[in-house]
Amino acid sequence: MDDLAIEVKDLSFRYRQTTHAALSHVSFSVPKGSFFCIIGGNGVGKSTLCNTFVGLIPHYFLGKMDGDVLVNGQSIIDQSIADLSSQIGLVFQNPFNQLSYTASTVAEELAYGLGNRGVAREEMVTKVEAVAKLMRIDQVFDQNPLDLSGGQAQRVAFGSTFILEPKILVLDECTTQLDPMGADEIFAIVKRLNNEGITVIMVDHDMERVAEYADQVLVLADGSPVLQGAPAEVFGDPRLADFGVEPPDYAAVTQALAKRQLIQDKLGVTKDQAAALVKEGLNHAD
Amino acid sequence: MQIDLQDLHFGYRPEHEILHGVDLTLAGTDPIAIIGQNGAGKTTLVKQFNGILTPTSGHVLIDGQDVTTQTTAKWSSKVGYVFQNPNDQLFLDSVRKEFEFGPKRIGMSSAEIKQRVDQVAELVELTDDLDTHPFDLDDTQKKFCTIGAIIMMNPDVVVFDEPTCGQDVHGDHLLNHIIQHLTAEGKLCVTISHDMKFVSQNFKRVIVMSQGAVQLDGTPEDVFSQTATLKTCFITPPPLTQLAQTVGFTATPFTTDAFVRAFEEERK
Amino acid sequence: MGSGEPVKSPIEKLNPLTKMLAIFCLGLATLIYPNSWLGLGIVIVLFGVAGMAHILKSFAKTIFGFGIPISLMLFFIQGLYSPKNKTIIADLGFAKLGEEGLLYAAKIVITLLVFLATFYIMNQTTYAGKMVAALTSSGINPQVGYLILASLNVVPQMHRRLDVIKEAQEARGVETTGGLWARLKAYIPLMGPVVMSSLTDAQERGMTLETRGFANTNVKRTSYIEVTTSKADTYLRAGLIIFLVAVIIISILMRW
Ligand SMILES: Nc1ncnc2c1ncn2[C@@H]1O[C@H](COP(=O)(O)OP(=O)(O)OP(=O)(O)O)[C@@H](O)[C@H]1O
Ligand SMILES: Nc1ncnc2c1ncn2[C@@H]1O[C@H](COP(=O)(O)OP(=O)(O)OP(=O)(O)O)[C@@H](O)[C@H]1O
Ligand SMILES: [Mg+2]
Ligand SMILES: [Mg+2]
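Cut-offs used in this document
Residues numbered from 1 in each chain as written. Chains lettered and ligands numbered in written order. Predicted model: local features only at pLDDT ≥ 70, side-chain atom pairs only at ≥ 80, totals over all residues. Heavy atoms only, no water. Salt bridge = Lys/Arg side-chain N within 4 Å of Asp/Glu carboxyl O. Helix = DSSP H or I, 4+ residues; strand = E, 2+ residues; numbered from the N terminus. Buried < 20%, exposed > 50% of the residue type's maximum accessible area, 1.4 Å probe, protein only. Axes fitted to C-alpha atoms, helices over the stretch in contact; angles between N-to-C directions. Parallel < 35°, antiparallel > 145°, perpendicular 65-115°, else oblique. Left-handed = near helix turned anticlockwise from the far one by under 90°. Contact = heavy atoms within 4.5 Å. Nonpolar A, V, L, I, M, F, W, Y, C, P; charged D, E, K, R; others polar. Near = heavy atom within 4 Å. Polar contact = N/O pair within 3.5 Å; in protein donor to acceptor, adjacent residues only side chain to side chain. Areas by Shrake-Rupley, 256 points an atom, 1.4 Å probe, with all protein chains shown as cover. Buried area = accessible area lost by both parts, 1.4 Å probe. Donors = N, O, S within 2.8 Å, 3.2 Å for Na, K, Ca; no water. Patch = residues over 30% accessible without salt bridge, like charges linked within 9 Å, V, L, I, M, F, W, Y side chains within 5 Å. Pairing = 2+ DSSP bridges.

1. Digging into the pattern of salt bridges
One pass over the structure, following the stated rule, counts 26 salt bridges over all chains. Note that Asp237 of chain A is salt-bridged to Arg239 of chain A, the shortest N-O span being 3.0 Å. The salt bridge involving Lys74 of chain B is made with Glu175 of chain C; its shortest N-O contact spans 3.3 Å. Remark: Glu175 of chain C occurs in the loop between helix H7 (142-170) and helix H8 (180-211) and Lys74 of chain B occurs in helix H2 (residues 72-75); the pair is interchain, linking two chains. For Glu175 of chain C, a relative accessible area of 28% puts it in the partly exposed group. Linked by salt bridges that have partners in common, Glu123, Lys127 and Glu165 of chain A make up one network.

Below is the structure:
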C-alpha cells in the first residue's frame, strides 16, 4: 500500500547462537507521516525491531528471520542496507556505535554520510555547520569524537543521521544521555520534521515523552506485540503494569485525583491535558 | 567519610579549562545527585574523587588527606567509580571474574571475596549470569555488572555515572534499591543522572552544574523550584513538578501522593 | 600521523598526492643514479624542507638515529665481505676493506635515507584523513580508501582505548604507575582484551558505515576535508617529473 511507510508482516527473528527468539510473530504497520512509538521493558526486542527497518537484519546480523518487513512498499530482503539508507535513518541506542571511526573531528563525523552520497563540498560545509549549531555541538566542532562527553556523543549521533534528511527517522532511545532541555530541543526538532511529513518511529523509556508525541503506541513484551493504540488507550489499559511499563506520571496523578473525585474522571496523559483537568478541578471547587 | 573540593580547576589540555574553581564538601551518608548540562564537567568532576584525573590547581581532600598523595589504585578501596560507558570498564571473560578482580587487587581475603560475590550478585540481580561473558549481557545488564564489580570492593563512597541511562521501570527500581542498601550500610552514594524523576525521588541533596561550575546545591525541593537558574543549566524539573508549576501551585511535589496533597492544599 | 597543527607550513598545505609523487620521484631517482652523490644532495635539500615544515629536530633525530647505525653496519659488512670487492684500500689483517663494497653500501644507505626522509616528512605533515580524501578524489576505490584510513587510525585508537582501560584498571586497584615491571605486570593481562575489544568495535562499527551509505555504488565520493591543488602543487609535480626524467637520461648516458 502506498500510504504505509513500514509494514511488518508476521516477523520473527532469532540471533545466531541464541536459543530464544528476539522477535516472534510481530505484525503492525506505520502509516506515512505518523509518529509511532515502540515501548516495553529491557530486552523485549525494541532495538532488534529497529535493526530490521534499516536492513541490518537480515543483511548484517546473522540469524534466522521469518516473515517480512516492507519499507515504502518494498521488502527489506530485496534491498541492500545502502539502498535503504537513502530512505530511512536510524539513530543507535549507543552513540559510540554511530561513530564511523574514520573521522578525527566532529565536523568530519557529521559529514561522513554526505560524502558517501557525493554531496558537493560547499553544500556539505553549510549543512555540517548548520547541524552542529542546531545540536549545540559547535563548541566541540574540531574535537575528536572519541573524546566527547556522553551527551555530546549522542548529539553527534543524532546529527549525523539527521543531516542525511531521511524520509523515515528511527530513534532508538536517542536522548537517554541528554540534559533535559537538550532532549526537549531534539524532540521539538523531531516534531517539526514530523509536521513536515517525515515518518518518525521512536523507542523510549520516557513515557511522558511518548504520551506527548505519539499518534500510535505499540507495547512489546518478550518479542511480541501485546498492546497497540493511541496513547490515551494504551496508558489507560490496566494490563500495562503486567508488561513492565508504567504510564506517564500525568496519567497516574489524574487517575488518583479522579478517584478522590477531585477532578473529572478523565485520563490526562500529557502535561497540557493534566493541567487542564487540574485547573478545572480547582475552579470547580471554588 | 568526607570529600572536600577546594577551588578545583581542571582542563584536559592546558589551554582549555573545563572546571573553573569548584568548592564542594560531600559528607555523611545521604545520597547526593549531580545533574547539569551536557559537557558541564560532571564526569570530569567525579573522576577527581579518586585521582583518575588530578586538579591542575586547587585540592581534593579525602578525610583531610590530599588525593594526590597516593595512587588511584590505593584510593580505590575507599572511593569506587562506576564508569559512564560500561564498555570502558569491562575486560574479563565472565561476570564472576569481573567481580573478583578489584577485591583481589586491594588484598581482600578469598573467603570474604567468595562470600561477597554471592551477596553482590544477588543485589545487582546477576546471580544467574555469573558465568556469562560480559559481552553477552545487554547494555543495561552490563551497567549492573560494572556496578557490582565496584560494590565488590566495599568502598566507603560509590560514584555512579548515569546509571539510569536506558533502564526500564524495573531497572530504576533496582537502582533505587541498590542505593538504599548501600546507604543503610553507611556508604555515601554520589550519582550523576539526567533522569529528573529518578533524581527527585531518590536523593536528599542535588548539585546542579553548568559550564564547569556548581550553580545550585540543595534539597530537591529547593533546587527544582528555582526555575530561572535551572533554565540556564539546561535542566527542566520532573514531570509532576512541571505540572504543579504550570497550574500555579506553591508546593514542589515529586510524587503522585505529594501532588494530591498539594492539590488539596490549593483547594482550601 | 600528525594531526593538523594550528599554524600551517607550506609543506602541510601541499596536496598529499604531490608529496606521494615526491617520495616516488626522489626515491627512484636516487636508486637509478649510478653513484651516491645525487642522493646525498637530495637528503641535504630535505633537511631544508624539514626546516620549512618546522620538524627539523625530530627529522634530524630520525635520519641520524637510523642513518648512522645502518651505515656502520652496511659499511662493515659490504666493505669487508662483499664479493664485489676488487680494489683493496686497506688491509685490516683479519679482513680487507674493498672500495666496491663500500660504494655499494653507500648507495643502499642513501637510497634508504631518501625514502625514509621523504616518507617521514609526508607522514608528519599530512593528516591521515586528508591523504585518503586526496586518494579518493583521484579515483581510488572508496573501500580501499576506508581500509587505509582505518588502518592508519588503529594505532591512535588503541592508544585511546589503552588510556581508558588504564583509568578503569586504576579505579579497580591496579597499580599502573611505578617501575617498568609494575607497569608491564599491569598491562600484559590487558593486551588480550584490548585486541578483543578492538575487534568487536570493528564489527559494530560496520553497522553505522552501512546505514550511512558506505556501500553506495555509482557515486563519486566527496569529502569534508578540503584537498586543493595549488599552483605550487602543479609546479612541484612538473618539476619532480622533469627531474626524474632528466636523472634517467643522465644515468643512461653515464653508463654508456
Ligand atoms: N547482537 C545480538 N546477538 C545476540 N543476541 C542479541 C543481540 N542483540 C540483542 N540480543 C538479544 O535479543 C533480545 C532483544 O534485545 P533488544 O536489544 O532488541 O532489546 P531492547 O528491547 O532494545 O532492550 P533495551 O530496552 O535494553 O534496549 C535480548 O534478549 C538480547 O539479549
Ligand atoms: N578525554 C577528553 N579529552 C578532551 N576533552 C574531553 C575529554 N573528555 C571530556 N572532554 C570535554 O570536557 C567537557 C566536559 O566533559 P564531561 O564528560 O565531564 O561532561 P559531562 O558533564 O559528564 O557531560 P554528559 O552529561 O554529556 O556526560 C566536554 O566539553 C568534553 O568534550
Ligand atoms: Mg534497545
Ligand atoms: Mg558524563
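Additional details are given in the paragraphs that follow.
2. Some points on the packing of helix H3 (residues 37-52) of chain C against helix H5 (residues 99-125) of chain C
Residue and element names in this part refer to chain C. Here H3 crosses H5 at 20°, and the two axes come no closer than 9 Å. As summarised for this structure, H3 and H5 are arranged roughly parallel, according to the angle between their axes. Seen along the crossing, H3 lies across H5 with a hand that is left-handed. Two secondary-structure elements touch here, H3 through Gly39, Leu40, Ile42, Val43, Leu46, Val49 and Ala50 and H5 through Ile110, Leu113, Val114, Ala117, Thr118 and Ile121. Class assignment for the residues of the contact of H3 with H5 results in 11 nonpolar, two polar and no charged.

3. Regarding the site of ligand 1
In the vicinity of ligand 1, 16 residues are found, and the nearest of them are Gly43, Lys46, Ser47, Thr48 and Gln93 of chain A. Residue neighbours of ligand 1 fall on chains A and B, so the site bridges chains. Within the side chain of Tyr15 of chain A, one N or O atom sits 3.5 Å away from a nitrogen atom of ligand 1. The separation between an oxygen atom of ligand 1 and a polar side-chain atom of His205 of chain A is 3.3 Å.

4. Re the site of ligand 2
With respect to spatial proximity, 19 residues lie near ligand 2, and among them Ser149, Gly151 and Gln152 of chain A together with Thr43 and Thr44 of chain B are the closest. Nearby residues around ligand 2 are contributed by chains A and B. In this structure, an oxygen atom belonging to ligand 2 sits 2.9 Å away from a main-chain N or O atom of Gly39 of chain B. Contact distances for ligand 2 include 2.9 Å between an oxygen atom and a side-chain N or O atom of His194 of chain B. Its free accessible area being 640 Å², ligand 2 has 89% of it covered by the protein chains. Those elements that provide at least two residues to the shell around ligand 2 are helix H6 (150-162) of chain A together with helix H1 (42-46) of chain B. Of the residues in the shell around ligand 2, the class split is three nonpolar, 13 polar and three charged.

5. A look at the interface of chain A and chain B
Listed as interface residues are 43 residues of chain A and, on the opposing side, 39 residues of chain B. For the chain A and chain B pair, buried surface summed over both sides reaches about 3,500 Å², with 62% attributable to carbon and sulfur atoms. On the chain A side of the interface with chain B, the three residues burying the most area are Asn42, Pro180 and Met181 of chain A, jointly 16% of the side's total. Viewed at the interface, chain B and chain A are joined by two salt bridges. Between Asp249 of chain A and Lys197 of chain B there is a salt bridge; the shortest N-O distance is 3.3 Å.

6. Structural notes on the coordination of the magnesium ion (ligand 3)
All names here are of chain A. Taken together, the protein ligands of the magnesium ion (ligand 3) are Ser47 (OG) and Gln93 (OE1), with distances of 1.9 to 2.2 Å. You can see Ser47 sitting in helix H1 (residues 46-53) and its partner Gln93 sitting in the loop between strand E6 (88-91) and helix H4 (106-116), a full 46 residues away along the chain. Ser47 sits in the partly exposed class, given a relative accessible area of 24%. Note on Gln93: relative accessible area 23%, which makes it partly exposed.

7. Description of a nonpolar patch on the surface
Residues and elements named next belong to chain C. Together, Met73, Phe76, Ile77, Tyr81, Leu92 and Phe94 make up an exposed nonpolar region whose accessible area comes to about 660 Å². Structurally, the position occupied by Ile77 is in helix H4 (residues 56-81). Residue Ile77 is classed as partly exposed on the basis of its relative accessible area, which comes to 41%.

8. Description of the coordination of the magnesium ion (ligand 4)
The coordination sphere of the magnesium ion (ligand 4) contains the protein donors Thr43 of chain B (OG1) and Gln84 of chain B (OE1), at a distance range of 2.0 to 2.4 Å. Residue Thr43 of chain B is located in helix H1, and its partner Gln84 of chain B is located in the loop between strand E6 (79-82) and helix H3 (95-105); the two are separated by 41 residues in the primary sequence.

9. A word on the sheet that holds strand E8 (residues 199-203) of chain A
Strand pairing within a sheet occurs via backbone hydrogen bonds; the two strands may be parallel or antiparallel. All names here are of chain A. On the basis of which strands lie adjacent, the open sheet formed by six strands has the order E6-E7-E8-E3-E9-E10 and mixed pairing. With one partner strand each, in any of the chains shown, E6 and strand E10 (224-229) form the two edges of the open sheet. Each strand of the sheet is rotated relative to its neighbour by a mean of 15°, with strand direction disregarded. The sheet contact formed by strand E3 (residues 35-39) and E8 spans four bridges and is parallel. Residue Phe36 lies in a different strand from E8, and its bridge partner there is Ile201. Strands E6 and strand E7 (168-172) of the sheet are contacted by H6, whose axis makes an angle of about 175° with E6.

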